[in-house]
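# Working through the structure, step by step
The chain contents come next:
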Amino acid sequence: MADAPKPTNPPMTPIPPKAPAASASSAKSADASVPKPAAAPAPPPAQPTGDAAMLRDAHPDDVAGYEVLSDGVGVLTVKPDGLFTIAGEAKAMGYRILSLLSAYDRTDHFGVLYAFLKPATSPGEFAELRLRVTTPKSAGEPTFPSLVDLYPAADWQEREMFDMYGIKFEGHPDLRRVFLPSDWTGYPMRKDYKEAEQFVALREGEDITVKHPEEGAW
Amino acid sequence: MAKVDFANPMLPDGRKPTGQLMTLNMGPQHPSTHGVLRLKLLLDGEIVVDVEPVLGYLHRGSEKLAEGMHWVKFIPLTDRMDYLSAMHNNHGYVLAVEKLLGGPEQQVVSEKAEYIRVFAAEISRLCNHLFWMGTFMLDLGAISPLFYALRERETLLGFLEELCGARLTFNYFRFGGVKYDLPQDPTYLPRVKEFLAAMPGKVDQYETLLKRNDILLGRLRGTGPLSREQALEWGVTGPMLRATGIAHDLRKSAPYSVYKSLNFDVPTNTQSDCYGRLMNRWAEMRESVRILEQVITRLESGSLDGLHLNPDYAGGKILRVKAKGEAYARIEHPKGEYGCHVIGDGKQNPLRVHVRAPSFANLQVLPILARGQKIADMVASLGSIDIVLGDVDR
């Protein structure tokens, strides 16, 4: 990670004690004295290194981009169609542990960030690979290929993301809600989720109990 | 793990169960499920044909709540995820946000604060393993080990209480350091040191009590086997993975905080059953004591630079933190890899916080551990995973 290129998004400095709102002003106001990050000459786009570069070179059509996150680790953005192939090759390279599977909703698109690890006993052996898939909201219900066949560990984590974001993982053997009741409507972690007006008690099977607010406390 | 196939049940060795099958519901209110975990069991007599964990009885939607609060206000919520090692939860979240604030290179935490963090985290690890040992033995029907474990844990919790005022949900870590400096009391560190000097002897005592007990060995040896391949495939981390012989420890392989400058070993075990996991956790407790002794020596030397809390984040300034960017930070939690994926768009509240909970990932292997075993051994296997339902459901 030491030779990782500069992050594409400007690294945040700690808030200076005398100007606590500095970070907000750079985002909002067009103060000429503060050079806006966008106005500065754009740094050369980050280039993948190591295994990420190998994967990019092997599948140039499936890779949509590369960026370095705030923690200095690069992320290879892949097209959903190529995710399974690339993850399979990553597994063959020794990235055996599925460390992270996290979806998010960024108002115009859904995405899933994956992190894979090599089992390591020393910093020299340690290697991390991050992949990302995105889909615009205009493309309809978000759908990505499931990695369960490669990484069984993805099973519950994909179910959790389905539960919270409604992301369909195609090829998942048993894609159902993991935390919420099976008849829950909507996907609560979506930014446009509206809480139901009436409270429906937690239930299982056919025994449905509906409490209306006017019935009072229960 | 797929749904229990009630129509076409199969034992792990491919045999069809011969007896009359019974479906049994275990939990969510059951003492040996360590909280509110519900298990759907398919039994052939006393043999577990299949088991399906049902989650969500302690789901509080912490990740959704995080999106509506200041960055700092999520720290107390992380305490309530894995409430038995809350310091580590604090650490994972705080590390992730600090990466947004400081970037990959910039150090926002002083060396002194890092040592205090490791001090708190390793005491918390000892507490976690002690409580795990006590309740695990309770699952097996042995009552008295819990008293021994809690005897030590009470003292350690007392040390943490002197440090931050709380005994369980600490809310101690802050962006840029920790909330309070070490106690003014000059006898504090010597008292901790004195206790730690006796700690390996206490672990010896547990081993003497338990390792020579034939009933216990009969319950543990060969119970809940997990191969190395299965552990890697299912994303198992922490002592569960190390008990399969892989010395994968993030404190060693991807050192965060000041673990790089500390001298300790990563215990492994090749007996990947309940017995191996018990031995591994005992060995880890000894290593934690080693780490703590080095940390206390550094803290006592007075040579550490900096304040316990970066002044840029002290007082009311902490509420004005506006983080931007995306990061994932992982730490070696006593239960496995704990990580936080945070996304900020420069506002006072996070855009997304996802917690990678070790209990949630590790619990997935329960059907592998339990299939074909007796139902009482399934309880032992479940206990050996070391889960906390607050961490599973979040």
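Please read these numbers as outputs of a predicted model, since none were measured by experiment.

Taken residue by residue, the interface counts 64 residues in chain B and 61 residues in chain A. Summed over both sides, the interface of chain B with chain A buries roughly 5300 Å², with 56% coming from carbon and sulfur. Taken as a group, Leu232, Glu326 and Phe360 of chain B account for 11% of the area that chain B buries against chain A, more than any other trio of residues on that side. A salt bridge links Arg176 of chain A to Glu52 of chain B; its shortest N-O distance comes to 2.8 Å. Residue contributions to the side of chain B that touches chain A peak at six residues, all from strand 6 (residues 324–333) of chain B.

Moving on, we come to the packing of aromatic side chains. Per the stated rule, a full pass over the model turns up 15 aromatic pairs over all chains. Consider the rings of Trp156 of chain A and Phe360 of chain B, whose centres lie 5.6 Å apart with planes at 40°: the pair is tilted. On the criterion of chain membership, the pair formed by Trp156 of chain A in helix 4 (residues 154–165) and Phe360 of chain B in helix 12 (residues 358–363) is interchain, its members lying in two chains. For the residue pair Trp156 of chain A and Phe360 of chain B, the accessibility class agrees, reading buried in each case. Ring plane angle 70° and centroid distance 6.2 Å describe the contact between Tyr259 of chain B and Phe264 of chain B, whose orientation is recorded as edge-to-face. What makes Tyr259 of chain B buried here is its relative accessible area of 2%. Taken together, the ring pairs in this structure connect Phe119, Phe159, Tyr188 and Phe195 of chain B into an aromatic cluster. Note that Arg281 of chain B overlies the ring of Trp132 of chain B, its terminal NZ or CZ placed 4.2 Å from the centroid.

How two helices pack is summed up by the angle between their axes together with the distance between the axes. All names here are of chain B. Contact pair helix 11 (residues 274–301) / helix 14 (residues 375–385): the axes reach a minimum separation of 10 Å and the direction vectors enclose 30°. Here helix 14 runs roughly parallel to helix 11, going by the angle between their axes. Helix-helix and strand crossings are classified by hand; for helix 11 and helix 14 the assignment is left-handed. Packed against helix 11, whose contacting residues are Cys274, Arg277 and Arg281, the element helix 14 presents Ala380, Ser381, Ser384 and Ile385 at the interface.

What follows covers the sheet that holds strand 8 (residues 352–356) of chain B. All names here are of chain B. Taken in spatial order, the three strands of this open sheet run 6-7-8, and their pairing is antiparallel. Strands with a single pairing partner mark the edges of an open sheet, and in this sheet they are strand 6 and strand 8. Sheet twist, expressed as the average angle between the axes of neighbouring strands with direction ignored, equals 10°. As defined by bridge partners, strand 6 adjoins strand 7 (residues 336–345) across ten bridges and the pair is classed as antiparallel. Opposite Arg330, over in strand 7, you have Gly339 as the bridge partner.

Among the nonpolar cores identified, the biggest contains 92 residues, and Tyr93, Phe119, Tyr172 and Phe175 of chain B are the most heavily contacted of them. Top contributing element to this core by residue count: helix 4 (residues 111–139) of chain B, with 15 residues. Setting aside anything within four residues of it in sequence, one finds Tyr93 of chain B in contact with Trp71, Phe74, Ile75, Thr78, Phe175, Tyr338, Cys340, Val342 and Val353 of chain B. One finds Ala87 and Leu180 of chain A together with Ala357 and Ala370 of chain B within the second-largest nonpolar core, a separate group that totals 77 residues.

Our next topic: helix 2 (residues 50–58) of chain A. Those residues of helix 2 of chain A lying buried are Asp51, Ala52, Ala53 and Leu55 of chain A. Contacts made by the buried residues of helix 2 of chain A are with strand 1 (63–68), strand 2 (74–78), helix 3 (80–92) and strand 5 (128–136) of chain A.

Even without being a glycine, Thr107 of chain A presents a positive backbone phi close to 55°. For Thr107 of chain A, a relative accessible area of 61% corresponds to the exposed category.

All names here are of chain A. Averaged over every residue, the pLDDT of chain A is 75; residues scoring 70 or more account for 69%. Below a pLDDT of 50 lies the segment residues 1–32, which in the model reaches 48 contacts outside its immediate sequence neighbourhood of four places, other chains included. Predicted confidence for residues 206–218 stays below pLDDT 50, and this span has 13 contacts to residues more than four positions away or in other chains.

Another aspect to go through is empty space enclosed by the protein. The method is simple in principle: a probe with the dimensions of a water molecule rolls over the atoms, and the space it marks as empty is what remains. Scanning all chains against the criterion turns up four cavities of 30 Å³ or more. Quantified by volume, the largest cavity comes out at close to 60 Å³. Around the largest cavity, the lining residues are Glu160, Met164, Phe179 and Met189 of chain A together with His59, Gly61, Ser62, Glu63, Lys64, Asp393 and Arg394 of chain B. Breaking the lining of the largest cavity down by element, the ones donating at least two residues are helix 4 of chain A together with helix 1 (62–66) of chain B. At three residues, the largest contribution of residues to the lining of the largest cavity is made by helix 1 of chain B. Among the residues making up the lining of the largest cavity, the classes are represented as three nonpolar, three polar and five charged.

What follows deals with the pairing of strand 8 of chain B. All names here are of chain B. The buried fraction of strand 8 amounts to five of the five residues, a majority that puts the element mostly inside the structure. Burial of the side chains of strand 8 extends over both faces: Arg352, His354 and Arg356 are buried on one face and Val353 and Val355 on the other. Linking strand 7 to strand 8, which pair antiparallel, is a turn of six residues; within it Gly346 sits at a positive phi near 80°.

Our next topic: the sheet that holds strand 1 (residues 21–26) of chain B. Residues and elements named next belong to chain B. Pairing is antiparallel across the open sheet formed by three strands, whose spatial order is 1-2-3. Two strands in the sheet have a free side with no partner beyond their single neighbour: strand 1 and strand 3 (47–54). In this sheet, adjacent strand axes meet at a mean angle of 20° when their direction is disregarded. Bridging between strand 2 (residues 38–44) and strand 3 involves seven bridges; their strand directions are antiparallel. Each bridged residue has a counterpart across the sheet, and for Leu42 the counterpart in strand 3 is Asp50.

Cut-offs and rules
Residues numbered from 1 in each chain as written. Chains lettered and ligands numbered in written order. Predicted model: local features only at pLDDT ≥ 70, side-chain atom pairs only at ≥ 80, totals over all residues. Heavy atoms only, no water. Contact = heavy atoms within 4.5 Å. Buried area = accessible area lost by both parts, 1.4 Å probe. Salt bridge = Lys/Arg side-chain N within 4 Å of Asp/Glu carboxyl O. Helix = DSSP H or I, 4+ residues; strand = E, 2+ residues; numbered from the N terminus. Phe/Tyr/Trp six-rings, centres within 6.5 Å; stacked < 30°, edge-to-face > 60°. Buried < 20%, exposed > 50% of the residue type's maximum accessible area, 1.4 Å probe, protein only. Lys NZ or Arg CZ within 6 Å of the ring centre and 35° of its normal. Axes fitted to C-alpha atoms, helices over the stretch in contact; angles between N-to-C directions. Parallel < 35°, antiparallel > 145°, perpendicular 65-115°, else oblique. Left-handed = near helix turned anticlockwise from the far one by under 90°. Pairing = 2+ DSSP bridges. Core = buried A, V, L, I, M, F, W, Y, C linked by side-chain atoms within 4.5 Å. pLDDT = per-residue confidence, 0-100. 1 Å grid on protein atoms, 1.4 Å probe; cavity = no way out; pocket = protein on both sides within 12 Å on 5 of 7 lines; lining within 4 Å. Points joined across faces, edges and corners; volume = space filled by probe spheres on them. Nonpolar A, V, L, I, M, F, W, Y, C, P; charged D, E, K, R; others polar.

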